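Residue strings, one per chain:
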Amino acid sequence: MKNKNILVSGSSQGLGYATAEELARRGANIFIGSRNIASIETAAKKIKESAKGKVEWGLLDVTNEESIAKWVNEGAATLGSIDGLVVNAGGPKPGTFEQLSTADWEQGFRLTLMGAVNLINAAIPHFKSNNSGAIVTITSLSVKEPIDILLLSNVFRAGVTSLAKSLSNELAKYNIRVNNIMPGRFNTERIVELDTLAAQRANKSAKEIKSQFEEKIPLGRYGNPKELAKAAAFLLSDDASYITGQSLAVDGGIIKTV
């Protein structure tokens, strides 16, 4: 990854942060983004502690097309070019079908699906100018096996996965690779939130909920975000130069379908 210029969205915490940190540790120059100035600035400072490449940041609202275009172009100008893009964002509102409003559906659509569409659309001209590029989308195991209280995530992340597969065919002639990662349960702020919600619904403790999930995971534990980050770094690297259009489960074996 040395001297590769990579943009990572939704990178102030969680899987996005871990991916950015791993890329920087491997020598990549990274440009990270979040809509919260304090959070993304703090993230950049922490990443710099182990970075072997440049670490820059910019404000990014993935629900806003203009913000996305500005962030991508700023990243390209700051780093000099773009070799890779990690498409990531916080999860949409949890809830069952009857609990979700039309506004919730519209927000989830803008955040998860259109956020990915606009990020990739803004980056493609930069990749074409280099006649190369690598895109990694981070979705969820729910695209294979829907999760009951995550209806918005189930629907829109499935759309992102389909987008990645479709674009892998369209963009191959420009030497642009597109792959998708399907995370299982990781020790992140998002999973703590979901476990707490599940605990409230079941009148149990979050610790009990976590234990129940761990019993279903063949490896018997939640993942460390760094484990997903290493998979993303591989897919972005030249070591994966003949891999495109794939969805990789990083889930400790919990997905049962092939």
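So, here is what we can say about the structure in this document. No experiment lies behind these values; they were computed from the predicted model shown.

### Overview of the packing of helix H1 (residues 14-25) against helix H2 (residues 37-48)
Between H1 and H2, the shortest axis-to-axis distance is 9 Å and the interhelical angle comes to 35°. With respect to the hand of their crossing, H1 and H2 are arranged in right-handed fashion. Packed against H1, whose contacting residues are Tyr17, Ala20, Glu21 and Ala24, the element H2 presents Ala43, Lys46 and Ile47 at the interface. Here the contact of H1 with H2 is composed, by residue class, of five nonpolar, no polar and two charged.

### A word on the packing of aromatic side chains
Per the counting criterion, the structure on display carries four aromatic pairs. The interplanar angle of 75° and the centroid separation of 5.7 Å between the aromatic rings of Trp105 and Phe156 together place this pair among those described as edge-to-face. Placement of the pair is Trp105 in helix H4 (residues 102-130) and Phe156 in helix H5 (residues 151-171), with a sequence separation of 51 residues. By relative accessible area, which is 22% here, Trp105 ends up partly exposed. Their ring planes at 55° and their centres at 5.9 Å tell us that Phe109 and Phe156 sit as a pair that is tilted. Separated by 47 residues along the polypeptide, Phe109 in helix H4 and Phe156 in helix H5 bring together distant segments of the chain. For Phe156, a relative accessible area of 9% puts it in the buried group. The ring of Tyr174 has Lys128 lying over it, and the distance from NZ or CZ to the ring centre is 4.4 Å. Over the aromatic face of Phe213 sits the side chain of Arg185, whose NZ or CZ is 3.6 Å from the ring centroid.

### Section: H5
The periodicity of an α-helix, 3.6 residues per turn, causes residues three or four positions apart to be oriented the same way. Helix length check: H5 (21 residues) gives 30 Å between terminal C-alpha atoms against 30 Å at 1.5 Å per residue, within 8%. For H5, the full list of buried residues reads Leu152, Ser153, Asn154, Phe156, Arg157, Val160, Thr161, Leu163, Ala164, Leu167, Ser168 and Leu171.

### Some details on the sheet that holds strand E4 (residues 84-87)
Taken in spatial order, the seven strands line up as E3-E2-E1-E4-E5-E6-E7 in an open sheet, and their pairing is parallel. Only two strands of the sheet have a single neighbouring strand rather than two, namely strand E3 (55-59) and strand E7 (247-250). Ignoring strand direction, the axes of neighbouring strands in this sheet form an average angle of 20°. Looking at chain direction, strand E6 (residues 176-183) and E7 are connected through four bridges and run parallel. Its bridge partner lying in E7, Ile181 is registered against Leu248. H4 contacts E4, strand E5 (133-138) and E6 of the sheet and is inclined by roughly 180° relative to E4. Helix-sheet contacts for helix H8 (residues 225-236) involve strand E1 (5-8), E4, E5, E6 and E7, and the interaxial angle to E6 is about 165°.

Rules used in this analysis
- Residues numbered from 1 in each chain as written.
- Predicted model: local features only at pLDDT ≥ 70, side-chain atom pairs only at ≥ 80, totals over all residues.
- Heavy atoms only, no water.
- Axes fitted to C-alpha atoms, helices over the stretch in contact; angles between N-to-C directions.
- Helix = DSSP H or I, 4+ residues; strand = E, 2+ residues; numbered from the N terminus.
- Left-handed = near helix turned anticlockwise from the far one by under 90°.
- Contact = heavy atoms within 4.5 Å.
- Nonpolar A, V, L, I, M, F, W, Y, C, P; charged D, E, K, R; others polar.
- Phe/Tyr/Trp six-rings, centres within 6.5 Å; stacked < 30°, edge-to-face > 60°.
- Buried < 20%, exposed > 50% of the residue type's maximum accessible area, 1.4 Å probe, protein only.
- Lys NZ or Arg CZ within 6 Å of the ring centre and 35° of its normal.
- Expected span 1.5 Å × (residues − 1).
- Pairing = 2+ DSSP bridges.

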